[in-house]
Amino acid sequence: MSEENFQVEQHSLVPKHEKLSEEKVKDILAKYNITKRNLPKIKADDPAIKKLEAKEGDVIKITRDSPTAGKSVFYRAVLE
């Protein structure tokens, strides 16, 4: 399979990534009493989020399957 036909987001080891709306971002930041600067970062050209067309300042929600917790949720702020 060529690189241009490979869809990284379909790979079994890549967790679900989704771009959050501004309303959801505000809720998350308020819930944890943090700012976007406090979030871990992810680059806009990361292969897992390329198709989301994320730009700097967006927040990505990553949902991973966890053998102990069932599902684990992580948030990342997008950098250029």
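About the thresholds
Residues numbered from 1 in each chain as written. Predicted model: local features only at pLDDT ≥ 70, side-chain atom pairs only at ≥ 80, totals over all residues. Heavy atoms only, no water. Pairing = 2+ DSSP bridges. Helix = DSSP H or I, 4+ residues; strand = E, 2+ residues; numbered from the N terminus. Axes fitted to C-alpha atoms, helices over the stretch in contact; angles between N-to-C directions. Core = buried A, V, L, I, M, F, W, Y, C linked by side-chain atoms within 4.5 Å. Buried < 20%, exposed > 50% of the residue type's maximum accessible area, 1.4 Å probe, protein only. Contact = heavy atoms within 4.5 Å. pLDDT = per-residue confidence, 0-100. Phe/Tyr/Trp six-rings, centres within 6.5 Å; stacked < 30°, edge-to-face > 60°. Lys NZ or Arg CZ within 6 Å of the ring centre and 35° of its normal. Salt bridge = Lys/Arg side-chain N within 4 Å of Asp/Glu carboxyl O.

A. Structural detail: the sheet that holds strand 1 (residues 16-19). Here we have four strands laid out as an open sheet, ordered 1-3-4-2, and mixed in their pairing. The outermost strands of the open sheet, each flanked by one partner alone, are strand 1 and strand 2 (41-43). Between one strand axis and the next, the sheet turns by 40 degrees as a mean value, whatever way the strands run. Bridge analysis of strand 3 (residues 59-66) against strand 4 (residues 70-79) gives eight bridges, and the strand direction is antiparallel. Pairing of Val59 across the sheet is with Ala77, part of strand 4.

B. Representation of the nonpolar core in the model. Listed in full, the eight residues of the largest apolar core are Leu20, Val25, Ile28, Leu29, Leu39, Val59, Tyr75 and Ala77. Here the element with the most residues in this core is helix 1 (residues 22-32); it accounts for three residues. Once residues within four sequence positions are removed from consideration, Val59 is found in contact with Glu18, Lys19, Leu20, Val25, Lys36, Leu39, Tyr75 and Arg76. In this structure, Ile42, Ala44, Ile62 and Val78 belong to the second largest nonpolar core, which totals seven residues.

C. Region of the structure containing the confidence of the model for the protein chain. Per-chain confidence: the protein chain averages 90 in pLDDT, with 92% of residues scoring 70 or above. Across the protein chain, the element-wise mean pLDDT spans from 94 in strand 3 up to 97 in helix 1.

D. Region of interest: the packing of aromatic side chains. Under the criterion given, the structure shown has zero aromatic pairs. Its end group placed over the ring of Phe74, Arg64 keeps NZ or CZ at 4.5 Å from the ring centre.

E. How the structure looks around the side chain of His17. Among the structural elements, His17 can be located in strand 1. The contacts of His17, once residues within four sequence positions are left out, are Ile42, Ala48, Ile49, Leu52, Ile60, Lys61 and Ile62.

F. Summary view of the pattern of salt bridges. Here the structure, examined in full by the defined rule, presents five salt bridges. In this structure, Glu22 and Lys36 form a salt bridge, with 3.8 Å as the shortest nitrogen-oxygen distance. Of this pair, Glu22 sits in helix 1 while Lys36 is found in the loop between helix 1 and strand 2, placing the two residues 14 residues apart along the sequence. Overall, the relative accessible area of 44% leaves Glu22 in the partly exposed class. Here Lys71 and Asp65 are joined by a salt bridge, their closest N and O atoms 2.7 Å apart. This pair shows no difference in class: Lys71 is exposed, exactly as Asp65 is. Where salt bridges share partners, they join Lys19, Lys55 and Asp58 into one cluster.

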